[in-house]
Amino acid sequence: MPDDVDLPGEGSEDNDGTRQGSPVTRPPAAEDGSPSTGNPFGTAPAGSPGDAPTDTGDDQNWLLPAPAPAPTPASPHRPHSMAAPNRDSDLRRTFPAFPPRTSEDARFAATWWGNAWVSALEEGALDAKRLARGRSYAEQGHVDAITVTPGLVLAYVQGSRPRPYRVQVRLRTLDDADWDRFLDLAADRTGHIAALLDKEMPQALAECGVPLLPGPGDLEPQCSCPDRGHPCKHAAALCYQTARLLDADPFVLLLLRGRGERELLDALSRLSAARAARAAQEQEPAPLPGVRASEALAPRRLPPLPAPLPAPAHPEQPPAYPASPGGPDPFALDQLATDAAARAHALLGTARDPVGELTLWQDAVRLAAARPGSGLTAGTRALYASLAAATDRTPADLARAVAAWRQGGIEGLAVLEEPWDPPAGRFDRARPLLLAADLPAFRPWHNHLTHPRGHIQLRLGRDGLWYAYESEPGHDDWWPRGTPDLDPVGALTGLGTPTAL
């Protein structure tokens, strides 16, 4: 009977008596992915000294003479490993073998998409004992270098025999229609592309209706061992190690589904550029009708200016603007008219226009912040896109500046964009106040005080107020939060309790 076949009730030990976890050497493989000849792991061949004799059940077996030791070849044949980086391309990637796993975490993978792969393996397995032995093989480093191509994962796995087994796991590739849907969704939000480049898989992208992650029964393992289990322990070990590959680089999953990283990024770049060009073309204003120079330069007598009217008690409401196909947004026109009326009324009453003292960028932020609501409606996206283009900024820059303006007006925008060195006094007294409120020691930099975990920050404005900011831990992506306060502890109100902070 083959020594690497699982029998009922033998889920914790190989049939030749070798316990799981017995030391093995890293399994090399032929460069073309086929089983190598000779002894690829450098262990003693079958029948060499050190092999335990097979118990045949014969009581007189001990009387037989010991077999003569096999001669040691002068130069043993060692085939090439499957790890052949010189053969890699966008559609073929080879990864070196993982070292033995030292973590005792019950979850084999570290990311949600890696654990989804493990769930597909475990829910589709027919024998829990084979699965447990395969996981033990993976944890002990029995899986050699792994090669990934569209629809296929290939590696050699060391079993109980000296010669490793050739294992492959197949997964259906996506068709062109599925890839079109995936690319449309990925290009629709720049955050998806940025997350992929940061080696993260957004959950919304993986659940977009395109079957990126496998389900139970989608993994099709094959192994050169005589075990016909589904999967055998060698295939299970390869599947577990593949989950670690997905943890490190989600592009491995996309390659398995049929497309390489370079091809996907090129397609996303072309799609994003085409959408941006189409949006710019749709937003381009129609050319204004011209005036003949002879008419513009013809001499004419202008009537005297009428006497100025008294200023009204308050600015009037603008008229209602009907919507028309291809015309400007009625809501945007109403907003601009209301803003112009308020500025004109202030100028008539005070002879001063504070808005006129703003820079182009500050006025763009003021207009965007005056738009009611905060949802990303079509009108809001169009307004943000036009204002950002007019000021050579991005919509993301404008959204962050709008949050700062709504937090503290022009002073809040200055706190966002202009670090400065405050004099001794209020800034120096802030850290003891935070420590007295059971908060850790914040790190100072210019007018910033940053939480040690890097997720909360306080900024002192030139107006003497403290402004709270939040970011994802480990990312320098700060957004204004809460209401400014003279007290640094009061500025953190609403962000959480001292214990949570």
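Residues numbered from 1 in each chain as written. Predicted model: local features only at pLDDT ≥ 70, side-chain atom pairs only at ≥ 80, totals over all residues. Heavy atoms only, no water.

Remarks on the overall build of the protein
Just so we agree on the cut-off: Helix and strand assignments come from DSSP, with helices taken as H or I runs of at least 4 residues and strands as E runs of at least 2, each series counted from the N terminus. Buried residues are those whose accessible area, probed at 1.4 Å on protein chains only, stays under 20% of the maximum for their type, while exposed residues exceed 50% and partly exposed ones sit between those limits. Whether two residues are in contact is decided by their heavy atoms, any of which lying within 4.5 Å being enough. Using the Shrake-Rupley algorithm and a 1.4 Å probe, accessible areas are obtained, with residue cover drawn only from the displayed protein chains.
On a plain count of helices and strands, the protein comes out with 15 helices and ten strands. Burial statistics for the protein: of 501 residues in total, 39% are counted as buried. Restricting the contact set of the protein to residue pairs at least 6 apart, pairs at least 24 apart contribute 65%. Just so you have it, the protein exposes about 28200 Å², and 57% of that area is on carbon and sulfur atoms.

Concerning the sheet that holds strand β6 (residues 443–445)
Two modes of strand pairing occur in sheets, parallel and antiparallel, and in both the strands are linked by backbone hydrogen bonds. To be explicit about the condition: By this definition, two strands are paired if DSSP reports at least two bridges between them. Simply put, an axis is a line fit to the C-alpha atoms, just over the touching stretch for a helix, and the angle between two N-to-C directions goes from 0 to 180 degrees.
Spatially, β6-β7-β8-β9-β10 is the arrangement adopted by the five strands of the open sheet, whose pairing is antiparallel. Here the strands that pair on one side only, and so sit at the sheet edges, are β6 and β10 (479–485). This sheet shows a mean twist of 25 degrees between the axes of neighbouring strands, independent of strand direction. In this structure, strand β9 (residues 466–470) lies alongside β10, joined through four bridges in antiparallel fashion. Counted as the bridge partner of tryptophan 466 is aspartate 485 from β10. Contacts from helix α14 (residues 426–436) reach β6, β7 (448–450), β8 (456–460) and β9 within the one sheet, and its direction differs from that of β7 by about 20 degrees.

Some thoughts on the sheet that holds strand β5 (residues 220–223)
Pairing is antiparallel in the open sheet, where five strands are placed in the order β1-β2-β3-β4-β5. Each of the sheet's edge strands pairs with one partner strand only, and the pair in question is β1 (93–95) and β5. When the angles between neighbouring strand axes are averaged without regard to direction, this sheet yields 20 degrees.

Regarding the pairing of β9
Most of β9 sits out of view: four of its five residues are buried. With five bridges joining them, β8 and β9 adopt antiparallel strand pairing. When the bridges of β9 are listed, isoleucine 456 appears paired with glutamate 470. The hairpin formed by β8 and β9 contains five residues between the paired strands, and glycine 464 there has a positive phi angle of roughly 85 degrees.

Some points on the packing of helix α3 (residues 176–188) against helix α8 (residues 261–283)
Keep this limit in mind: Note on terminology: angles under 35 degrees are roughly parallel, angles over 145 are roughly antiparallel, angles of 65 to 115 are roughly perpendicular, and the others are oblique. Take the far helix as the reference: if the near one is turned anticlockwise from it by less than a right angle, the crossing is left-handed, and if turned clockwise, right-handed. The classification used treats Ala, Val, Leu, Ile, Met, Phe, Trp, Tyr, Cys and Pro as nonpolar, Asp, Glu, Lys and Arg as charged, and all other residues, Gly among them, as polar.
It is at 10 Å that the axes of α3 and α8 come closest, and there the two elements cross at 60 degrees. Considered as vectors, α3 and α8 are oriented oblique to each other. Handedness of the α3/α8 crossing: right-handed. Of α8, the residues touching α3 (which contributes Trp179, Leu183, Asp184, Ala186, Ala187 and Asp188) are Leu264, Ala267, Leu268, Leu271, Ser272 and Arg275. Tallied by class, the residues present in the contact of α3 with α8 amount to eight nonpolar, one polar and three charged.

As for the pairing of strand β3 (residues 152–157)
Of all the six residues making up β3, six are buried; the element is thus mostly covered by neighbouring parts of the structure. Across the two faces of β3 the burial is the same, with Leu152, Leu154 and Tyr156 and Val153, Ala155 and Val157 all buried. Of the strand pairs in this sheet, strand β2 (residues 146–149) and β3 are connected by three bridges, and their pairing is antiparallel. Each residue of the ladder has a partner; that of threonine 149, found in β3, is leucine 152. Counted between consecutive antiparallel strands, the loop separating β2 from β3 contains two residues, among which glycine 151 sits at a positive phi close to 80 degrees. Taken together, the six bridges between β3 and strand β4 (residues 165–170) define a ladder with antiparallel strand orientation. Bridge pairing in β4 places leucine 154 opposite glutamine 168.

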